[in-house]
Amino acid sequence: MLAALRSLWDEPRPPAPPPRVWRDWVLVGVLVPAAVLEGLLRPDLPWRVASVVVTAGLVPTLLWRRTRPLLMVVVCFAVTGLAPLLTGQPPAEMYTMAYQMILPYALFRWGSGREAVTGLAIMIVSASFPLVTGRAPGTDAIGAFTVLSAVVALGGALRYRARARARELDQAKLLEREQLARDLHDTVAHHVSAMAVRAQAGLAVAGSRPDAATEALRVIEEEAARALDEMHALVRVLRRDRPDEPADLVPGRRIADIVRLAGRTRSGPSVDVEISGDLDGLPPSVEAAVYRLAQESITNAVRHARHATRVEVRVTADDTSVHLRVSDDGDGGLIRPAASPGYGIIGMIERAHLLRGTCVAGPGPDRGWTVSAVLPRTGAAT
């Protein structure tokens, strides 16, 4: 119990409460004439002038209910609690005073925990005072406490609902950033690796084959152009002005594009691609994931597989899943500095997990390194 109270007491205010809008001014403009009209039409109202003045005079507190909720609650309930003592009459029961219930709601919706606890204590004392002094029957006090509890509960519920919604949005943004980070890593790593391998090959044979340098520069230029195209696509996504922009601007690859990865590492191991099965109707997320998994696996094989001469990429699809297998014929394992484990394999596992699939990377049964991934055809994200 103490822990719950301490947690409530330390609760911060929600960030950036909305400012006054035109609806607030309309509300004030309607309530003030309503209070005056009620005073004119109710001959049984005691201390009619004072009641109308108090009711109409407290209406502007609604304008600051979000930015200063506790102060507005103190002003409103203090005035309504002291007015019967100063007049010596029972509290005025004007129907227009129902707008006061907006203030407790705003306190628990926009106030801090300390403000909410302090304001609740003030409201309870103010509501209990007429009952203690005998100025109001017990049934009225019970009704007042019931309405107050309902309003407070509504404000707290909407407060925590908004917080839950904000957490969901933050999680969605985090997942999108992770996906973009994987796309950036896959794109840059693949193309830069191809350029580095080709540059090394050109330097190695430049003395005996001067034309090899020209060929290497041509390959490097092609890889750089492809890398820039994919980077521009990613930048377009990052600079989208509206989150509901059509999805066709999102950078994506299809399984058929894997064929373009074949034979592109001319100085390293050859890449053989085979695609079979029914690939029609696959969601774009699944196709893009399969492409990126194959691309990253090929990049790792080209950069790190020892003495590899061949990389095999096999994509098959059945009624429920899409299967990817990338293997090389190297000596086994990957050459990677111990201090730099890299993010490629981690990103592949995360990418498959987001689509409720699996991805396993490790030494092959005979030799080399094998990456196996299985993704459901539905592409349902976790």
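Residues numbered from 1 in each chain as written. Predicted model: local features only at pLDDT ≥ 70, side-chain atom pairs only at ≥ 80, totals over all residues. Heavy atoms only, no water.

(A) Here's a closer look at helix α5 (residues 102–110). For α5, the buried fraction is high: 7 of the 9 residues fall into the buried class. Of all the positions in α5, only Leu103, Pro104, Ala106, Leu107, Phe108, Arg109 and Trp110 are classed as buried. (Buried < 20%, exposed > 50% of the residue type's maximum accessible area, 1.4 Å probe, protein only. Helix = DSSP H or I, 4+ residues; strand = E, 2+ residues; numbered from the N terminus.)

(B) Molecular detail of a negative patch on the surface. Judged by side-chain charge, Asp278, Asp280, Asp318 and Asp319 come together as a negatively charged surface patch. Summarising the element assignment, Asp280 is placed in the loop between β1 (270–277) and α9 (284–304). The exposure class of Asp280 is exposed, given its relative accessible area of 62%. (Patch = residues over 30% accessible without salt bridge, like charges linked within 9 Å, V, L, I, M, F, W, Y side chains within 5 Å. Areas by Shrake-Rupley, 256 points an atom, 1.4 Å probe, with all protein chains shown as cover. Salt bridge = Lys/Arg side-chain N within 4 Å of Asp/Glu carboxyl O. Lys, Arg positive; Asp, Glu negative; His and termini not counted. Charge placed at Lys NZ, Arg CZ, Asp CG, Glu CD.)

(C) Region of interest: the pairing of strand β5 (residues 369–376). The buried fraction of β5 is high, at 6 of 8 residues. Here strand β4 (residues 358–363) pairs with β5 via 6 bridges, running antiparallel. Across the sheet, the residue bridging to Pro363 is Trp369, located in β5. Between β4 and β5, which follow one another and run antiparallel, lie 5 residues, and Gly368 among them has a positive phi close to 75°. (Pairing = 2+ DSSP bridges.)

(D) Representation of the pattern of salt bridges in the model. One pass over the full model with this rule turns up 13 salt bridges. A salt bridge links Glu11 to Arg163, with the nearest nitrogen and oxygen atoms 1.9 Å apart. Separated by 152 residues along the polypeptide, Glu11 in the loop between α1 (2–9) and α2 (22–41) and Arg163 in helix α7 (residues 138–205) bring together distant segments of the chain. Between Arg13 and Glu115 there is a salt bridge; the shortest N-O distance is 3.7 Å. Of this pair, Arg13 sits in the loop between α1 and α2 while Glu115 sits in helix α6 (residues 113–133); the two residues are 102 residues apart in sequence, bridging distant segments of the chain.

(E) How the structure looks around the sheet that holds strand β2 (residues 310–317). Read from one edge to the other, the open sheet built from 5 strands follows the order β1-β2-β3-β5-β4, with strand pairing classed as mixed. Among the strands making up the open sheet, the edge pair consists of β1 and β4. Strand after strand, the sheet turns through a mean of 10° between neighbouring axes, direction not considered. Where β2 lies against strand β3 (residues 321–328), 7 bridges are found, and the strand directions are antiparallel. (Axes fitted to C-alpha atoms, helices over the stretch in contact; angles between N-to-C directions.)

(F) Spotlight on the nonpolar core. Core analysis: the biggest nonpolar cluster contains 34 residues, and Ile258 and Val313 have the highest contact counts within it. Elements with a minimum of two residues in this core: β1, α9, β2, β3, α10 (344–354) and β5. Ranked by the residues each element gives to this core, the list is headed by α9, at 9 residues. Once residues lying within four places of it in the same chain are set aside, the contact partners of Ile258 are Val273, Val290, Tyr291, Ala294, Val313 and Val315. (Core = buried A, V, L, I, M, F, W, Y, C linked by side-chain atoms within 4.5 Å. Contact = heavy atoms within 4.5 Å.)

(G) View of the confidence of the model for the protein chain. Counting all residues, the mean pLDDT for the protein chain is 78, and 77% of those residues have values of 70 or more. Within the protein chain, the element-level pLDDT minimum falls on helix α8 (residues 210–238), averaging 71, and the maximum on β3, averaging 93. Every residue in residues 241–251 scores below 50 in pLDDT, and together they form 8 contacts with partners more than four places removed in sequence or on other chains. Counting interchain partners and residues more than four positions distant, the pLDDT-below-50 stretch residues 335–341 has 6 contacts. (pLDDT = per-residue confidence, 0-100.)

(H) The arrangement of a nonpolar patch on the surface in detail. A contiguous nonpolar surface patch, about 320 Å² in accessible area, is contributed by Leu8, Trp9, Val117 and Tyr160. Mapping Leu8 onto the fold places it in helix α1.

(I) Spatial organisation of the side chain of Ser327. One can find Ser327 in strand β3. Judged by relative accessible area, Ser327 falls into the buried class, the value being 11%. A polar contact of 3.3 Å, which involves the side chain of Ser327, links it to the side chain of Arg325. Setting aside residues up to four positions removed in sequence, Ser327 forms contacts with Arg310, Val311, Glu312, Trp369 and Thr370. (Polar contact = N/O pair within 3.5 Å; in protein donor to acceptor, adjacent residues only side chain to side chain.)

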